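# Structural characterization, general
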Amino acid sequence: MTRARSVAPQRILFAASEIFPLAKTGGLADVCASLPAALAGLGAEVQLVMPGYEQALDLADRPHVTATLDNVLGFENVRIITARTPDTALPINLIDIPELYRNGGIYQNADGSDRDDNAVRFGVFGQAAAQIAAGRGGSTWHPNIVHCNDWQTGLVPLMLRELCGPEMPATVFTAHNMMFQGLFPWEGRTALRLPTNDGIEAGLGLHGQLSFLKAGLYFSDSLTTVSPTYAREIQTPDYGYGLEGLVRARGGHLTGILNGIDSVFWDPSGNTRLAARYSAQDLSGKRYCKNALQRELGLVEDENAPLIIFVGRLTWQKMADILRDCLPAILAREPDRQFALLGQGERGLEDGFRSIAAAFPGRVSVQIGYCEDRAHRIHAGGDILLHGSQFEPCGLTQLYAMRFGTIPIVRPVGGLADTVVHASEQALVDGTATGVWFEEPSAEAMISAVDHAIWLYRQPLTWRRLQRVAMGVDSSWDRSARQYLALYSRLRAHRLGAAAGQDADIDAVRESA
Ligand code: ADP
Ligand code: GLC
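## As for the overall build of the chain
When helices and strands are counted, the chain shows 21 helices and 18 strands. Here the C-alpha atoms of the chain give a radius of gyration of 24 Å, agreeing with the 24 Å that 2.2 N^0.38 yields for 513 residues. Projected onto the principal axes, the alpha-carbon positions of the chain cover approximately 70 × 60 × 45 Å. By residue count, 57% of the 513 residues in the chain fall in the buried class. Looking at the chain alone, contacts between residues at least 24 apart form 71% of all its contacts between residues at least 6 apart. As presented, the chain carries roughly 20700 Å² of accessible surface, and 50% of it is formed by carbon and sulfur atoms.

## Some thoughts on the site of ligand 1
Near ligand 1 lie 19 residues; those nearest to it are K24, G27, D30, R313 and G369. Within the backbone of L396, one N or O atom sits 2.9 Å away from an oxygen atom of ligand 1. Within the complex, the protein chains bury 94% of what would otherwise be the 570 Å² of accessible surface of ligand 1. Put simply, the parts of the chain that give the shell around ligand 1 at least two residues each are helix 1 (27-41), strand 13 (307-314), strand 14 (338-345) and helix 15 (397-403). Of the residues that constitute the shell around ligand 1, the class distribution is six nonpolar, eight polar and five charged. For the shell around ligand 1, the two domains that each supply at least three residues are domain 1 (13-53 + 118-260 + 477-501) and domain 2 (284-471).

## Examining the site of ligand 2
For ligand 2, the set of nearby residues contains 14 residues, the closest of which are H176, N259, E392, C394 and G395. With respect to ligand 2, the side chain of Q317 contributes an N or O atom lying 3.2 Å from an oxygen atom. At 2.5 Å from an oxygen atom of ligand 2 is found a side-chain nitrogen or oxygen belonging to E392. Expressed as a share of its isolated accessible area of 310 Å², the protein-covered part of ligand 2 is 93%. It is helix 1 that contributes the most residues to the shell around ligand 2, three residues altogether.

## Side note on the sheet that holds strand 12 (residues 254-256)
Hydrogen bonds along the backbone pair up the strands of a sheet, which may run parallel or antiparallel. The strand order across the open sheet formed by nine strands is 3-4-5-2-1-6-7-11-12, and the pairing between neighbours is mixed. A single partner strand is all that each edge strand has here, and the edge strands are strand 3 (61-72) and strand 12. Across the sheet, the mean angle from the axis of one strand to that of its neighbour is 25°, orientation sign disregarded. Pairing of strand 7 (residues 170-175) with strand 11 (residues 222-225) involves four bridges; the strand directions are parallel. For A175, the partnering residue across the bridge sits in strand 11 and is T225. The strands touched by helix 4 (residues 118-133) within the sheet are strand 1 (11-15), strand 2 (45-51), strand 3, strand 4 (75-84), strand 5 (91-96) and strand 6 (145-149), with strand 3 carrying the most contacts at an inclination of about 95°.

## Remarks on the packing of helix 4 against helix 5 (residues 156-164)
Interhelical geometry of helix 4 versus helix 5 gives an angle of 45° and a closest axis separation of 9 Å. With respect to helix 5, the axis of helix 4 lies oblique. As for the relative orientation of helix 4 and helix 5, their crossing is right-handed in sense. Between helix 4 and helix 5, the contacting residues are G123, G126, Q127, A129, A130, Q131 and A133 on the first element and V156, M159, L160 and L163 on the second. Of the residues in the contact of helix 4 with helix 5, the class split is seven nonpolar, four polar and no charged.

## Comments concerning the domain arrangement of the chain
Here the domain parsing of the chain yields domain 1 (13-53 + 118-260 + 477-501) and domain 2 (284-471). For domain 1 and domain 2, the distance between their C-alpha centroids amounts to 33 Å. Of the residues lining the interface, 21 residues belong to domain 1; the matching set on domain 2 comes to 19 residues. Of the roughly 1400 Å² buried at the junction of domain 1 and domain 2 (both faces included), carbon and sulfur atoms supply 61%. On the surface where domain 1 and domain 2 come into contact, there are one salt bridge. Note that E372 and K24 form a salt bridge whose closest N and O atoms lie 3.3 Å from each other. Here domain 1 and domain 2 share eight residue pairs in polar contact (both at pLDDT 80 or more) between them.

## Regarding the sheet that holds strand 15 (residues 364-368)
With respect to topology, six strands assemble into an open sheet ordered 15-14-13-16-17-18, the strand pairing being parallel. Each edge of the sheet is formed by a strand with only one pairing partner; in this case those strands are strand 15 and strand 18 (436-437). Two strands pair when backbone bridges link them, and strand 16 (residues 384-387) and strand 17 (residues 407-410) are joined in this way by four bridges, in the parallel orientation. Considered in strand 17, the bridge of L386 is made with I409.

Calculation notes
- Residue positions are given per chain, counting from 1 as you read along its sequence in written order.
- Throughout, the order in which chains and ligands are written sets their labels, letters from A for the former and numbers from 1 for the latter.
- A pLDDT threshold of at least 70 governs which residues receive local features in this predicted model, and a stricter bar of 80 or more applies before side-chain atom pairs are shown or counted, although totals over entire chains, interfaces and linings include all residues.
- Note that water and hydrogens are dropped before the side-chain values are worked out from all heavy atoms of the structure.
- Put simply, DSSP H or I for four residues or longer makes a helix, DSSP E for two residues or longer makes a strand, and each gets a number counted from the N terminus.
- We take the radius of gyration over the C-alpha atoms and set the globule estimate at 2.2 Å times the residue count to the 0.38 power.
- To sort residues, take the accessible area from a 1.4 Å probe on protein chains only and compare it with the maximum for the residue type: under 20% means buried, over 50% means exposed, and anything in between is partly exposed.
- Residue contacts are defined here by distance: any two heavy atoms, one from each residue, within 4.5 Å place the two residues in contact.
- Surface accessibility in these figures is a Shrake-Rupley result with a 1.4 Å probe; residues are shielded only by whichever protein chains are displayed.
- We define proximity as follows: a residue is near a molecule or strand when any one of its heavy atoms falls within 4 Å of that partner.
- Two N or O atoms count as a polar contact when they lie within 3.5 Å, although within protein this holds only if one can serve as hydrogen donor and the other as acceptor, and sequence-adjacent residues are included solely when both atoms are side-chain atoms.
- Residues were grouped as follows: Ala, Val, Leu, Ile, Met, Phe, Trp, Tyr, Cys and Pro as nonpolar; Asp, Glu, Lys and Arg as charged; and all remaining residues, including Gly, as polar.
- How far each domain reaches was decided by an automatic or database domain assignment.
- In this analysis, strands are considered paired if DSSP registers two or more bridges between them.
- Lines fitted to C-alpha atoms define the axes here, with helix axes fitted over just the stretch in contact, and angles between the N-to-C directions of these axes take values from 0 to 180 degrees.
- Angle categories are assigned with fixed cut-offs, so that under 35 degrees is roughly parallel, over 145 is roughly antiparallel, 65 to 115 is roughly perpendicular, and the rest are oblique.
- Left-handed describes a crossing whose near helix is turned anticlockwise from the far helix by less than a right angle; the clockwise case is right-handed.
- Throughout, buried area stands for the accessible area (probe radius 1.4 Å) lost by two parts on being put together, summed over both.
- Salt bridges are identified by distance alone: a Lys or Arg side-chain nitrogen within 4 Å of an Asp or Glu carboxyl oxygen.

Spelled out as structure tokens, the structure:
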């Protein structure tokens, strides 16, 4: 006879430095908003923790002080402001230390340089998150999982261990980008009161510096990254940025789980930001969106002109340098080609794109800056997304473009390889194609890929089919969120097994599956 056994729900504290719409510089914010919401939708209890930036305190719903932490690395009486996220109504704990979080950019100064107090800002944030997870401040809600994201939260697993010892909640660390390593002078660890024995220091040092990213990868119980292909890539020198050996050594604890998207927010059929709404069944509204976009951006209003778009950070990672160098050649190949860019990043690249816009009036629009609503309008009005990447852990922009019937051109790296099916002859016949790939990270390869995409674009039936297949791809969180829940269950089962023997282990896994 089997005995029913009740398993406590998953209680997940989700720690991140940016959560949309409270704070955002890139895809991290989107994932840290939509994944917790999906987990909550599947029955998990989720709380968020983020620094109390000025804008976050303004936008958060019903903020009120729920606790104070006596001492967070020397900061006394630190207020925890609890609120609800604006769209998803999840509980969020904002760490209120005005001198660290209330002024300036999230990571950078106005001139684009990194803030020089980031080690302290995010070290203190990590310590505050660990104290909340450890029940300091009197909370009666005790997480059984602490899910950390990127280097800004990399110290949390170690700090939690120091606070709780073996009774600590299980920790998951997700690497969204291995290039951002949270590197700071080695001496900085003293101010962060990190333990100094050799065993611990081996998990903190990288190239003679202190690395928050390495700490996350080293001290967490489980590692994940945001696509299966990137999980393989980061075990190699080309993508591991010096941490490939550690990642390989911890390979048994590493899982690649593909990002999902908020498919209600990114939905052309119910989107109030657009000039018209449309769906895979009826694409006619996309024509209005294209026309409205051409008008808004000062482009020639030609419905047949292929409109190529770029939305993203202007950096080497996104191949923005190669794009700047070959854009004039791409445009020169046919007189009706158009290009619209929305982005910001390296100053030299911003200037380079501005000059191209000046040289191609009516054909090129360059918007330097950050605008969420315009990103929606560009995804809706464009025909082709040009998304070259040197590496791409997952990439959300191509998923948004596909959902809006805009066909992505990508390099098959990381999550781009996992989410875009190349329009080979066979894939076109099979009806599985959703985009165009180019292999080499070169201008020539990018130019040929654009030629190929435009050749397809000029065959309306083939193009409609590509659009419908791309729009039909299910990129919602459901499947991936279940993978995270299964991972949390395995970790909890492991803890229970260690404490109470194998039976509990096996039961918990089965019951939560
Ligand atoms: P990454 O996180 O590497 O920058 P992703 O594709 O995962 O790349 O996510 C980028 C996110 O940032 C998307 O939501 C994209 O729409 C948004 N984004 C990037 N640049 C801009 C911008 N200039 N204006 C509006 N949204 C932007
Ligand atoms: C990073 C990666 C991007 C990924 C995003 C969210 O910023 O560069 O590929 O989609 O994180 O996981």
